[in-house]
Amino acid sequence: MSEQTATEGKTYPPDPELSKTANVRPEMKEQDLREFWDEQAKQRLDWFEDYDEVLDWQLPYAKWFVGGKLNACYNCVDRHVEGGKGDKVALHVVPDDGPDSPEARDITFSELQREVVKMANGLKELGVGKGVPVGIYMQMIPEAVVAMLACARLGAPHTVVFGGFSGKAVAERCNDLECKVLITQDEAMRGGKAGAQKTNADEGLDAGPTTVEKIVVVRRSGADIPMNDRDVYLHDLTANVSDDPESCPCEPMDSEDLLFLLYTSGSTGKPKGVVHTTAGYLLGVTTTHNLVFDVKDDSVYWCAADIGWITGHSYITYGPLANACTSVLFEGVPGYPGKDVWWKIIDKYGVSILYTSPTAIKSHMKAGEQHIEGHDLSSIKILGSVGEPINPDVWEWYREHVGGGTAPIMDTWWQTETGHILITPLPGITTLKPGMAQQPFPGVRPEIRDDEGNQLDVEQTGNLVLTQPWPGMMRTLYKDDERFKDTYWSKYSDAYFAGDGAKYDADGDIQLMGRIDDVVNVSGHRLSTFEVESALVEHADVAEAAVAARKDDDTGQAIIAFVSLKGDKQGTEELEQALREQVAQSIGKLARPATVIFANDLPKTRSGKIMRRLLKNLAEGEELGDTSTLVDPSVVEEMQKQMNG
Ligand code: ATP
Ligand code: MG
């Protein structure tokens with residue numbers, strides 16, 4: 001491994017004031033696994049019936065809170081209204097046009113309850129009830145959250161399909177779970193443009209046999225879209241139904257009843273249908289949301305992810321609402337109606353907690369900090385990052401320009417499969433190191449092992465595993481126990497194999513190094529692509545970088561760097577030399593890229609992650625395979641031309 005890492009140097013101790021007032025207590029880390037979660041379960045959730053046992057663990061199958069009964073919607077909505085918080089704002093709804101739009105509005109917990117009850121009553125008329133699966137294919141509008149909660153209220157499992165996916169993806173996922181009903185919207189409003197939504201779904205469903213019998217359409221743009229026998233507008237469906245909560249009580253669900261199914265984002269291959277059940281998942285997201293982001297009664301929280309990803313499920317819908325937290329829900333994109341729309345939102349609502357991805361932060365860096373000027377971001381107390389390792393440079397920019405030079409950044413590591421955050425700094429406790437997720441959450445036991453199962457020493461990159469179960473862990477892959485066992489539980493007999501590389505530093509802090517498959521071996525030295533990328537983005541002209549390897553007769557593998565430049569910077573031979581020198585300086589000569597490919601952008605999945613499998617294929621000169629989850633397939637075509645030319 002390289003001697004010097006990109007994260008070397010600066011540390012940021014916690015603010016003593018925050019240490020005094022933080023919800024999370026250092027003692028929690030010492031607690032026994034069952035004791036910790038038992039305590040949290042009693043404190044944070046309302047149960048219709050108590051559980052008999054905290055955990056039944058028969059590797060790889062976990063059951064949490066065995067025998068308990070509860071309802072996720074009740075915990076996210078009804079109990080807050082009953083407890084006197086009905087008038088508290090649940091959602092600051094910001095439409096595509098931004099916070100100044102006349103369509104911007106607030107939804108209180110009481111209003112949310114009535115909307116959920118109405119939709120649930122409507123769905124009941126279509127035969128939806130306990131155990132009847134529902135598909136949701138929507139953009140970031142409040143009805144998407146309402147739809148998830150209405151399903152949870154009825155005990156109907158949902159599967160949300162990201163609104164930017166094709167109709168084919170919708171049909172595949174709905175048919176797999178055997179959804180009877182699909183909820184969608186007429187059109188998608190993003191970046192000032194109306195795009196197809198409902199007709200996409202039609203195209204997908206009409207291409208073959210489908211289990212979907214009814215499509216519920218939410219009116220958003222108001223466009224005159226084709227409606228047929230199968231379709232009904234939500235406002236028609238609910239025109240005569242009651243919005244009285246007593247007309248539609250929350251279904252008592254078993255702790256281990258299916259809450260939802262969600263597919264992973266597919267950056268490494270065919271998406272996997274991840275199964276999440278009710279009690280453990282809900283408790284995991286509620287507890288982590290509360291403790292990692294230090295949520296207080298007056299917090300204003302904004303998770304800028306999409307409902308279509310696990311981050312949206314856990315940290316837009318279930319976690320924040322179960323905590324009775326006020327959230328921003330933004331329909332649009334970072335650059336519209338102006339490049340300052342995010343900063344306007346934070347200013348207008350006094351956002352105190354912002355949770356987003358390195359990709360989004362990088363796009364703001366690319367746009368420039370001048371767009372922040374004139375907006376008051378002093379309300380920000382805590383920042384969060386998720387989705388990919390965050391380069392130290394990006395971390396520093398985020399803290400400096402968005403966090404006012406003081407806000408701590410919670411770099412949260414987790415997966416669709418884990419359900420909630422597992423490795424993260426803790427507010428008021430952890431001394432922060434840029435670019436590192438650092439520490440396990442209470443009850444979580446990570447280890448870093450080599451392929452033979454030996455625990456590795458400091459600074460050695462190995463496989464991240466988890467040796468203890470946690471409440472939000474996936475229960476299996478839908479209808480595919482074999483793939484579940486194979487993928488996650490066969491590499492080691494006693495631990496969950498996350499598929500990510502990691503290493504400990506001298507203080508015992510964990511650094512995530514990207515996926516295992518992203519380690520490059522040059523002349524017998526294992527280098528993480530993430531480290532090389534961090535070195536490349538240190539160069540002032542570089543906006544983003546991704547690294548892959550090709551076979552090399554002399555060195556085993558040789559590094560290929562794909563680089564996008566800031567503004568109108570041009571990729572010259574001189575710059576290529578400068579970049580190779582930059583990497584040599586910060587990591588070592590053997591990490592120098594053999595080839596640098598300049599591009600306007602990098603191939604990204606719709607969840608904003610770089611699709612590394614493609615870069616690997618490009619580097620190796622192999623077939624590209626499925627590119628359907630890419631935002632812009634032309635980016636790869638352009639790269640391919642350069643590789644060949
Ligand atoms: P697929 O599993 O289908 O290939 P995916 O892994 O991108 O897709 P997700 O479950 O959305 O799907 O992403 C989880 C992965 O994201 C983690 O395994 C890890 O590689 C990466 N990740 C998430 N958060 C962090 C973080 N804070 N630091 C480093 N990596 C992270
Ligand atoms: Mg994954």
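Here, the structure is the one placed above.
For clarity, every value in this text was computed on a predicted model and none was experimentally measured.

Each value, and the rule that gives it
Residues numbered from 1 in each chain as written. Chains lettered and ligands numbered in written order. Predicted model: local features only at pLDDT ≥ 70, side-chain atom pairs only at ≥ 80, totals over all residues. Heavy atoms only, no water. Helix = DSSP H or I, 4+ residues; strand = E, 2+ residues; numbered from the N terminus. Rg over C-alpha atoms; globule rule 2.2 N^0.38 Å. Buried < 20%, exposed > 50% of the residue type's maximum accessible area, 1.4 Å probe, protein only. Contact = heavy atoms within 4.5 Å. Areas by Shrake-Rupley, 256 points an atom, 1.4 Å probe, with all protein chains shown as cover. Lys, Arg positive; Asp, Glu negative; His and termini not counted. Charge placed at Lys NZ, Arg CZ, Asp CG, Glu CD. Polar contact = N/O pair within 3.5 Å; in protein donor to acceptor, adjacent residues only side chain to side chain. Core = buried A, V, L, I, M, F, W, Y, C linked by side-chain atoms within 4.5 Å. Phe/Tyr/Trp six-rings, centres within 6.5 Å; stacked < 30°, edge-to-face > 60°. Lys NZ or Arg CZ within 6 Å of the ring centre and 35° of its normal. Axes fitted to C-alpha atoms, helices over the stretch in contact; angles between N-to-C directions. Parallel < 35°, antiparallel > 145°, perpendicular 65-115°, else oblique. Nonpolar A, V, L, I, M, F, W, Y, C, P; charged D, E, K, R; others polar. Pairing = 2+ DSSP bridges. Right-handed = clockwise from strand over helix to strand, strands pointing away.

A. Main features of the overall build of the chain. Looking only at helices and strands, one finds 18 helices and 29 strands in the chain. A compact globule built from 645 residues would reach a C-alpha radius of gyration of about 26 Å, and the chain, at 24 Å, matches this within 12%. Expressed along its principal axes, the backbone C-alpha trace of the chain runs to roughly 70 × 55 × 55 Å. Here the chain holds 645 residues, and the buried ones make up 61% of them. A separation of at least 24 residues holds for 71% of the contacts in the chain among residues at least 6 apart in sequence. Carbon and sulfur atoms provide 45% of the accessible area of the chain, an area that totals close to 24200 Å². Side-chain charges of the chain comprise 63 positive and 102 negative groups, with the mean position of each set lying 1 Å from the other.

B. Layout of the side chain of His289. Tracing the backbone through its elements, the reader meets His289 in helix α9 (residues 278-292). In this structure His289 comes out as buried when scored by relative accessible area, which is 0%.

C. Looking closely at the environment of Thr21. Take Thr21: it is sitting in helix α1 (residues 16-21). On the basis of relative accessible area, Thr21 is assigned to the partly exposed category, the value being 44%. C-alpha of Thr21 to C-alpha of Gly428: the two residues are 407 residues apart in sequence and 8.1 Å apart in space. From its side chain, Thr21 meets the backbone oxygen of Glu17 in a polar contact 3.2 Å long.

D. Spatial organisation of the nonpolar core. Residues Phe65, Leu112, Leu149, Ile183, Phe293 and Tyr318 are the most contacted members of the largest nonpolar core, which totals 112 residues. Within the second largest apolar cluster, 30 residues are counted, among which are Ala104, Trp342, Leu354 and Ile380.

E. Looking closely at the packing of aromatic side chains. Under the defined criterion, the tally for this structure stands at 31 aromatic pairs. With centroids separated by 4.9 Å and ring planes inclined at 85°, the aromatic side chains of Phe260 and Tyr281 adopt a geometry described as edge-to-face. Linking Phe260 in strand β14 (residues 258-263) with Tyr281 in helix α9, this pair joins segments that are 21 residues apart in sequence. Among the aromatic residues, ring-to-ring pairing joins Trp57, Tyr61, Trp470, Phe484, Tyr488, Trp489 and Tyr496 into one connected group. Directly above the ring of Tyr263 sits Arg173, whose terminal nitrogen or CZ lies 4.9 Å from the centroid.

F. Here's a closer look at the packing of helix α2 (residues 33-44) against α9. Relative to each other, α2 and α9 sit at 90°, their axes nearing to 10 Å. Judged on the interaxial angle alone, α9 and α2 are roughly perpendicular. Contacts between α2 and α9 involve Phe36, Trp37, Gln40, Ala41 and Arg44 from the first element and Leu283, Gly284, Thr286, Thr287, Asn290 and Leu291 from the second. Here the residues of the contact of α2 with α9 are counted per class, giving five nonpolar, five polar and one charged.

G. Examining the pairing of strand β18 (residues 353-356) more closely. The side-chain alternation of β18 yields two buried faces, one formed by Ile353 and Tyr355 and the other by Leu354 and Thr356. Pairing of strand β16 (residues 300-303) with β18 involves three bridges; the strand directions are parallel. The partner of Tyr301 across the bridge, within β18, is Ile353. As paired elements, β18 and strand β19 (residues 382-385) share four bridges and run parallel to each other. For Thr356, the partnering residue across the bridge sits in β19 and is Ser385. Remark: the β18/helix α12 (residues 358-367)/β19 crossover connection has right-handed handedness.

H. Region of interest: the sheet that holds strand β17 (residues 326-330). Read across the open sheet, the seven strands follow the order β5-β4-β17-β16-β18-β19-β20; overall the sheet is mixed. For this open sheet the edge positions go to β5 (105-108) and β20 (409-411), each flanked by a neighbour on one side alone. Averaged over all neighbouring strand pairs, the angle between strand axes comes to 20°, with direction disregarded. Helix α4 (residues 109-125) rests against β4 (89-94) and β5 of the sheet, and its axis sits at about 80° to β5.

I. Broad picture of the sheet that holds strand β22 (residues 462-466). Reading across the sheet, the four strands line up as β21-β22-β23-β24 and stay open at both edges, with antiparallel pairing between neighbours. Sheet topology places β21 (446-449) and β24 (510-515) at the edges, where each strand pairs with a single neighbour. Each neighbouring strand pair of the sheet contributes to a mean axis angle of 45°, computed without reference to strand direction. Bridge count for β21 against β22 is four bridges, and the pairing is antiparallel. Bridge pairing in β22 places Arg449 opposite Asn463.

J. The pairing of strand β25 (residues 519-522), seen in detail. Alignment of β25 against strand β26 (residues 525-528), held across four bridges, turns out to be antiparallel. For Val522, the partnering residue across the bridge sits in β26 and is His525. Connecting β25 to the antiparallel partner β26 that follows it, the hairpin turn spans two residues, and Ser523 within it adopts a positive phi of roughly 50°.

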